[in-house]
Structure formats: structure tokens, C-alpha cells
Amino acid sequence: MSLDTTPGATTVAAPKAPTGRTRGIGIIMLVIGLFTALVFGVGSGFSAHSALTFNPVSLTNAPWRLGTLTLLTAWTNVVLGLVMIGLGLGVAVRLPRRGVMARFGFVAVLFFFALLFWAARTTGPSQINFVNLTAVLIGSSALAMVLIFGSLSGVMCERAGVVNIAIEGQFIGGAFVGSMVASTTHDFIVAALVGALVGGVLGLILAFLSLRYLSDQIIVGVVLVTMLGSLSSYLNLQVFTPFPQYNTGNLAPNLPIPLLSKIPVLGPVFFNQTGFFYVMIVLVALVSFGLFKTRWGLRVRAVGEHPQAAASVGIKVIGVRYANVIMGGAIAGVGGVAFMASQGQFQPGYTSGLGYIALAALIFGRWRPSGAVVASVIFGMSVYLADNLQTYQVPVPTEILGMFPYVITIAVVSGLIGRVRPPAADGLPYRRD
Amino acid sequence: MRLELRGITKRFGTFTANHRIDLTVEPGQIHCLLGENGAGKSTLMNVIFGLLQPDEGDVLIDGVATRFANSGEAVRRGIGMVHQHFMLVPVFTVAENVVLGFEPTKSFDRLDRQRAREEIRTVSREFNLEVDPDAIVEELPVGLQQRVEILKALSHDAELLILDEPTAVLTPQEIDALMTIMRSLAASGKSILFITHKLKEVRAIADVITVIRQGEVVGTAQASDSEAELASMMVGRDVNLTVDKAVVTPGDEVLVVTDLVVRDDRGLPAVNGVSLSVRAGEILALAGVQGNGQTELVEAIAGMRPVESGTITLRGTDITNHSPRQVLDAGIGHVPEDRQLHGLVLSMSVADNLVLNTPRRAPFARRGSRNLAAVNENAEQLVKRFDIRTTSTRALVSSLSGGNQQKVIVARELSRPLNLFVASQPTRGLDVGSIEYVHRQIVNQRDEGMGVLIVSSELDEVLALGDRIAVIHGGRISGVVAPSTSRETIGLLMTGAHVESTDA
């Protein structure tokens, strides 16, 4: 009997990302590209053209004027479609390890614009034959900002192992209180702080019930959302209806950044925003840095992945979870105030599921702040378009577009596209024993 | 470090897990704590490591009575523990795992990864434990993961290392490597407390052996004592360590598995082209380190997991992808690996659990309603025949000890005529007495002409029971050998090495 020892024979094979799923994403990108080229491109007829304009609606901070770019709808969309097909082929054939989701996001954004060009074509049913790029980006950015606040809140909680499904409720609470405080103090900083407090208290309730009494985190979260929805409707009726002065005129002012805000297109989108927008940018950087570069982040992630291991080296698992869920709640509370400040007032039910879309963005973004930003931009844009496509009289129900974030999330969660892997202890109760 | 325990007592409600335990570990000594599962070893370790507080008694470190409020304090005082289930974050790098809780930082709380790497390299060199600090832990083989655990303890300046059943997940070669590491650590002055129930290992490495039984120290022993002496101390009576088997000529093939491919929960192929057969009157023992596809293979045979490709036949009938009910009806008895999850309904009585596989059949049910008298009579008989220790057949099965729970499953599965008996880890977590009993039952079935497939990660069990031994590695059968084959050869097969002409 002779023995042949294979060198490097190991007992456990390293888990690898299934290539089939990456290929699936590539193929989906390819199909979207084909659809764009054929339906939005060839299908719009070669005589149609669409106009692309760049000047923002409010010209106070735009010392520049850009002319109108007239595009041949068919050719533009065929080219966009080909770019998308190229990206899809690149993913499907070369199976890159990184940046697949970012490319998918880029294709989604191109698809939205192709849809807009098609809707605005001269031969279409719509009276409006132009697409205002700057306005689309500004409108989408307001929604994306709120989603980013929400998904950052989710990152904070879930990286520590607690599922915060109550983001929607924290939005509602923040929006309601924010409107009341902003109306009385006329100070958005105070409003944001009080919003953070309310969100933080809601986080504390979630943390207390799920960490102390080991209640199911999903159920506690849903209860909180339902409670806040009803409570805010009731208080709206009791307070805001008889005293409308407490719920009015709360549109946050834009704070243009000198010089930068004057850049064409990019200026109005990135550098002439409300204070909330800038706070959001800083928060993304902070959370990203904190989670992946600091001792604090290492410990938080350890608690979310393997709480027993964290406890065995003296890390206080429950304490970390409390802190993160409260901080996460506070971030979502500020997000609620930010949403209110972009609408000017509070209305019952007007968050209309943004908190859940933020949760979807968190998953699509793979529990990373940077990924959550990419996902929030795509989802923000799709929500914006769903809300605004009626003006183009598109013969497709706008609800179809509104479904986009959820369809994508189901595809991601079910493993149809991409591989997502939540923190290993996400949503599991921890018992010290 | 000198660790001394004086009269440690720990109670959980009315149950006393540790009773007045005295124990001393001298510097540079390898001290073995030997005891059966449930003897109170883990409780004692958790007391030393600060995870539990003793009700009475003192822990003395270098002569000073000490109490740890949590394990972090124990670590700071130089106690390191290598847990049976590794306390490692799988998605972190080796460096991140080692420094967790003791991170070197730069300004703004930033991790100093460079220093972390250097610290690990220093400790690695000092104790001759090579590991790449940037490797992701889950991508390392189990043996190396354990090395990371040891490194982690050493980098926190541990003077006393507690190793809790460290060999359960290792191949024989990895066990040898671990023993070498333990010896060199002891030689450099570290104290080692080694917890196990495996007699061979104890005899190979111990300087001092303390045996505990039912929460009490029953005495100390020498490494030179025989296995039988150690076993009888551990169990409290004489134990027959070998299994008596008559020679039986096997009959026709009962189970034939051909080119089977089965995926695991993550969708990756766990069983990757396995072919094997079990004949009537034969025990085929499937050996292998845990996680090499055994679980998925058995689940596929039992109808609990879909088969991707390949076939399973039972006495010539294709049963590939049959439902569990169809598999039961075809005459396969199955003792599942996780008895509490798949073997029993814990919230039901012993009597009901004893008919779980035949609830709709006469005499236990007729025209859709149950015949409780028959169920109870069946239970009374089986409890007597299989010596199941329970207060009553109506008691909840969750109130039984692990060994008796396993007896309930074995009794149920063997209480009807079978073609094939499949048992996964049939004696895991059982005391030596129960192991003897379950082994005898398995051999009896084989003597009566049944085909038996045993899956076990305990090499001793495989060698004692198997008429032929199939070794599985990475989802493939790496060899089929006779039970007379050396442990070393089987160990090599368990690492995937190829052995020529292995027909048995």
C-alpha cells in the first residue's frame, strides 16, 4: 500500500462566490440594454427627437446658462442600450470580483434616462418634449438623501446584530416633531437635534425590548412603525389641524457653498443643498471610516458577526448593541426631519414606505455605507421618476416604476442576482450565559 | 502560572454541576481534566475563565485568591482559553481576530494594522506557529483556525492555556501537530489545562490527570495507567472498550449509491460524486472529519435533501429523491446527526416520540384517529427492552438525559423490520455506558442480516464497528479500507490523500 500525500490538502474548502449569480447580473444588464435599444431606441422611430436642458428651475445660484441639447431619440437610446449591453457582457463574460453592483447601478440610471428621453420624444403623447437633467438630479437627490439617512441607520444597527425595521417609524417621528420644533423655533439645527432625540428614543425602545426581553426584533420594529403611523395621524388631527401655524413654512433653506455651487449642473446638485444634505455626506464618511478603520468599528462588527467571540475578549456585547441601535435611531430621526424639511411640512403617511426602501437599499448595498449610497441613489431616482412620470403621459402605470426598489431587493435577497451575506448574528438574540 | 482551585462548587438551581473541586496546575505542566460528557468539565472551565461565578470556593492565581467578573478580566490576568467552538469571527482576518479586544491604535481610534501584523509575527516566531496574518479565518482549514485561537491567547500574554476538547474537529495528523505545540508551550513554561474525554490523548500527553465524575473529583491518575483503568475511573465501573463482533458473511447489496452529487445549504456541492454500497449483514462505517459531506450524504439517503445527480437504490429499487415518508416506507431506519432537531419532537411525550415514524399505521392509528392504548403499550415495551430511563412513558422527551433521548430514537428506528439502518454520530455526547449499549444494538442488527451505515467522526468508533471503512473527504470517497488498516493510513485518507489498492 503506497501513500500519496497531496500537498496542501485541507479539510475545509473556502467558500467562493458562485459565478453563476454574477453571470446572472450580467445577463440581466444585457437584457435591460437590449430592451432599451429596441423599445426606447428603435421603437421611438428615427424621426423623433428629445431635448435635454440643463438650467435649474431656480436660477439664483446659476450665473451660467447652458443651451438646449437636441438629441435624436432613437440613436441616443440605441447608443445607451449598446453601452448597457457592453457593460452587461463585460460582467457576464469576465466575472469581475468587485464593482458588479456599481455597474448594475450605472445601467439602472442609464435606463431611467433612456426612459425619460423616450417619454419626452416629439412624436410621443406628451406635450413636454424636454428632459431637465439638473431638475431630475436635484429631485432625485432629495429622496436619495432621505434614503441614505435611513440605510445608514440600518448599517449602524445591523452591523451590531440588531435588525432595525422601524426606520419608517423613526422617519415619521422625526418628521412630526421636526415640523413642530422648526415652526416654533425657526431653527433647523434645534429641529434636527430634537428629531435625533425622538429617533434615538425609538431606537432605545427597540433595543430594550429586543435585548432585555429578547423579543423578536422584526415584530417590535413593525409594532413601532404601526404605532408611529397611527400616533402621528392622531396628533396631526389634534394639533396641526386646529393650529396650522405649528406645521408650516418649514422648507429648509439652501446653503450654497461659495464658488463650488456655481459649477454648471454639478453645482446645484451637490453644492447648493440644505444643511441636511451636507450632514448626510459627513455622516456617510464618518460611519464608513468608523466601521472599517477604527477599533470601535472592529468591535461593532465582531458583535454583529460572532457575539460570543466578542464577549470572550471582554467586549460588552449588549452595551455595544444598545449604543448602536440608539445612534442608528437618531440618524433615522434626523432623516425624518430632513424629509419634512424638503417637503415644507408634516403630512400623515407621506413617508409612504421610504423607510422600507432604505432597508432595501441597505441590503442591496451589502450592509456597507458606500453600497447603501449607490443603492439609495438608484432607488431615489426610481421613486422620483415614479412620482413625476405622469407629466410625460407615459402609457405605463407609474406604480410599475415604484415597484422597482422592491423587485430589485427581492431579486437580491433571494439570491437571484448577487450574493448577499448579512452580519452572521443579524437579528439573533444574544444571551449571556 | 500556578493555578489552584479550592473547593469550587457551582449549582444551577437544585443541580450541582461542580462539588468541592480541588485542582492545581503547576507552571510548565500539562494537566488533563478527564471526564465524560456532562461530568462538569465545561462548567469548571467557565468558572476559571470568569464566564460563571462559583457559589463556593476560591480560584487562586500564584497563591492569590481571585475573582473575575467576566472573561475579559481573566484574559488580562493571563488566562487564555481555546474553545471547543472557536471564538473567531469567520469574516475577519487572522490579525483582526487576534487583536480583537486588545487593538493597537493610532490617532482617532484608528486600528494600527501594521502593528497588529507585527505583533502576530513576533508571537508566531517565538512559539513557532506560522499563520498568515492577512488570511481570512473562514478560508483556513480547521487545524489552522485552532492555531489562530492559540496565537490569540498567547498574544494576550497567557500564562495558563485552557484547551476545551480541542481535538474533536481535527484529523489525526492535526492532532499530532497540536500535541507537539502543547509540549513546546509547556517546555517554555506555560501551564496547560487540557480537557478531554479521549483516553488515548490523555495517555499521550498528560503530566498529571485529574478525573471528574458527576461534578466531583474522583481521583488523579498517571499517563502510564492503562486505558481500561482510566475508563473505569471516569465511568465508575469496569467498561468493555472493545466491541465483540462475530464474523458474518455479508449477503446481497442492500444500498447502492452511484455518482451522487448533493448541494449544501449554501448551494455548493457538498457530496461530489460519491459511490458506495452496503451489503446485508455488514456495517459500513463512513469516517471523515466533520463537514466533508457526511451530513449531506445521509440527508440525501433519508430523503431530507434533494439529490442533484446520481442514484440511490435500495434492494434494487430506485429511491433517489423520494420523500422522507417514502424512504421510511421503503424500510430505512435513520438516526439523525442532530437528535434534538431532526430526531425528536422535544415537546412531545416519550410514547409519542416512539411512534413518530409510524403514526398513521395500524395498530397506532385507524381510520384517521389514533389508538392511544396501542401507542402506550408500544412505549412500555420499548422502554423496557431498550432500558430507557424515564419516569414515565408520558414524560416529555425533553426531560430525558442525552443518552436516553438517543435510546428513544434508536428504539423507535429498530422497532420495525428494516432493510437498512443509517445512524449519524450515533454516540455523540453519550456516556461510556450508553455508548456500549448503542454499539451492541447496532451489532445485533447487523448479525440479524440488516445492512448498516454508520457515520462517525470518532475514529475509535469507526474502527470498532466497521466491517469495512469508507473515508470521505471534500465530498468524495478517498478510500475504502479494512478495519485492520492503521490509524495513520485512515488519517491520511481523511486529509484527502490517495491510498493505492484499498479494496477491502
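Parameters at a glance
Residues numbered from 1 in each chain as written. Chains lettered and ligands numbered in written order. Predicted model: local features only at pLDDT ≥ 70, side-chain atom pairs only at ≥ 80, totals over all residues. Helix = DSSP H or I, 4+ residues; strand = E, 2+ residues; numbered from the N terminus. Rg over C-alpha atoms; globule rule 2.2 N^0.38 Å. Contact = placed C-beta atoms within 7 Å. Buried ≥ 20, exposed ≤ 12 C-beta atoms within 10 Å, placed from the backbone. Pairing = 2+ DSSP bridges. Axes fitted to C-alpha atoms, helices over the stretch in contact; angles between N-to-C directions. Expected span 1.5 Å × (residues − 1). Core = buried A, V, L, I, M, F, W, Y, C linked by C-beta atoms within 7 Å. Domains from an automatic or database assignment. Nonpolar A, V, L, I, M, F, W, Y, C, P; charged D, E, K, R; others polar. pLDDT = per-residue confidence, 0-100. Parallel < 35°, antiparallel > 145°, perpendicular 65-115°, else oblique. Left-handed = near helix turned anticlockwise from the far one by under 90°.

A few words now on the overall build of chain A. Check the secondary structure of chain A and you find 16 helices and six strands. Computed over its C-alpha atoms, the radius of gyration of chain A comes to 24 Å, within 12% of the 22 Å expected for a compact globule of 433 residues. Dimensions of chain A along its principal axes, counting C-alpha atoms only, are 80 × 75 × 40 Å. Across chain A, every contact between residues at least 6 apart in sequence was considered, and the portion connecting residues at least 24 apart equals 78%.

All names here are of chain B. In this model, Arg 20 sits at a positive phi of 45°, which is unusual for a non-glycine residue. Note that Arg 20 resides in strand 2 (residues 15-25). A tally of 15 C-beta atoms within 10 Å means that Arg 20 is categorised as partly exposed. Residue Arg 367 is not a glycine yet carries a positive backbone phi of 50°. Within the element layout of this structure, Arg 367 appears in the loop between strand 17 (365-366) and strand 18 (369-370).

It is worth spelling out the sheet that holds strand 21 (residues 468-473) of chain B at this point. All names here are of chain B. Strands sit in the order 16-19-20-13-21-22 across an open sheet of six strands; the sheet is mixed. Each having just a single partner strand, strand 16 (332-335) and strand 22 (476-481) make up the two edges of the open sheet. On average, each strand axis in the sheet is inclined to that of its neighbour by 15°, with strand direction left out of account. As defined by bridge partners, strand 13 (residues 282-287) adjoins strand 20 (residues 451-456) across six bridges and the pair is classed as parallel. Opposite Leu 284, over in strand 20, you have Leu 453 as the bridge partner. On the sheet, helix 9 (residues 294-301) packs against strand 13, strand 19 (420-424), strand 20 and strand 21 and is oriented at approximately 150° with respect to strand 19. The sheet contacts of helix 14 (residues 402-414) involve strand 16 and strand 19, and relative to strand 16 the element is tilted by about 175°.

Residues and elements named next belong to chain B. End to end, helix 6 (residues 172-187) covers 23 Å across 16 residues, agreeing with the expected 22 Å (1.5 Å per residue, within 8%). Taken together, the buried residues of helix 6 touch strand 3 (30-34), helix 4 (113-127), helix 5 (142-155), strand 7 (160-164), strand 8 (191-196) and helix 7 (199-205). The first or second residue beyond helix 6 is Gly 189, which carries a positive phi of 100°.

Glancing now at the nonpolar core. Soluble globular proteins: nonpolar side chains tend toward being buried together. Formed by 276 residues in total, the largest nonpolar core has its most connected members in B:Ile162 and B:Leu420. Among the elements that make up this core, the one with the highest residue count is helix 3 (residues 100-119) of chain A (15 residues). Setting aside residues up to four positions removed in sequence, B:Ile162 forms contacts with B:Met45, B:Ile48, B:Phe49, B:Ile79, B:Met81, B:Val82 and B:Leu193.

All names here are of chain B. Segmentation of chain B into domains returns domain 1 (3-235), domain 2 (240-331 + 418-504) and domain 3 (340-416). The straight-line distance from the C-alpha centre of domain 1 to that of domain 2 is 33 Å. The interface of domain 1 with domain 2 comprises twelve residues on the first partner and 13 residues on the second. Among the secondary structure elements, those contributing two or more residues to the side of domain 1 that touches domain 2 are helix 6 and helix 8 (227-235). No other element matches the five residues that helix 8 contributes to the side of domain 1 that touches domain 2. A per-class count over the side of domain 1 that touches domain 2 returns six nonpolar, four polar and two charged.

All right, on to the sheet that holds strand 4 (residues 130-132) of chain A then. Residue and element names in this part refer to chain A. Read from one edge of the open sheet, three strands run 3-2-4, paired in mixed fashion. Of all the strands in the sheet, just strand 3 (69-72) and strand 4 have a single pairing partner and so form its edges. Within this sheet the neighbouring strands show an average axis-to-axis angle of 25°, counted without direction. By the bridge criterion, three bridges tie strand 2 (residues 49-53) to strand 4 in an arrangement that is parallel. Bridging from a neighbouring strand, Thr 53 pairs with Asn 132 of strand 4. Its contacts with the sheet put helix 4 (residues 133-159) on strand 2 and strand 4, and the angle it makes with strand 4 is roughly 45°.

All names here are of chain A. Taken domain by domain, chain A consists of domain 1 (19-124) and domain 2 (137-376). On a C-alpha basis, the centres of domain 1 and domain 2 stand 31 Å from each other. For the side of domain 1 that touches domain 2, the class distribution of residues is eight nonpolar, two polar and no charged.

Attention now moves to the pairing of strand 9 (residues 208-213) of chain B. Residues and elements named next belong to chain B. Sheet analysis places strand 3 next to strand 9, joined by four bridges and oriented parallel. What sits directly across from Cys 32, in strand 9, is Ile 209. Examined bridge by bridge, strand 9 and strand 10 (residues 216-221) share five bridges and lie antiparallel to one another. When the sheet's bridge partners are listed, Val 211 is paired in strand 10 with Gly 219. Count of turn residues in the strand 9/strand 10 antiparallel hairpin: two residues, of which Gln 214 carries a positive phi of about 45°.

All right, on to the confidence of the model for chain A then. In this model, chain A carries an average pLDDT of 88, and 93% of its residues clear a pLDDT of 70 or more. Note that residues 1-17 of chain A has pLDDT below 50 and, in this model, 33 contacts with residues that lie over four places away or in other chains.

Another aspect to go through is the pairing of strand 7 of chain B. Residue and element names in this part refer to chain B. Counting buried positions along strand 7 gives five out of five residues, so the element sits mostly inside the fold. Every second residue of strand 7 is oriented toward a common face, with Leu 160, Ile 162 and Asp 164 on one face and Leu 161 and Leu 163 on the other, all of them buried. Relative to strand 7, strand 6 (residues 79-82) runs parallel, the two being bridged by four bridges. Within strand 7, the residue paired with Val 82 across the bridge is Leu 163. Where strand 7 and strand 8 come together, five bridges link them in parallel fashion.

The next point concerns the environment of B:Ser456. Along the chain, B:Ser456 turns up in strand 20. With 167 residues separating them in the primary sequence, B:Ser456 and B:Val289 have C-alpha atoms 8.6 Å apart.

Residues and elements named next belong to chain A. Where helix 4 contacts helix 5 (residues 167-185), the two axes come as close as 10 Å, and the packing angle between them is 130°. Classified by the angle between their axes, helix 4 and helix 5 sit oblique to one another. Crossing of helix 4 against helix 5: the hand is right-handed. Contact residues: helix 4 offers Gly 150, Ser 153 and Gly 154, while helix 5 offers Ile 167, Gln 170 and Phe 171. Considering only residue class, the contact of helix 4 with helix 5 consists of two nonpolar, four polar and no charged.

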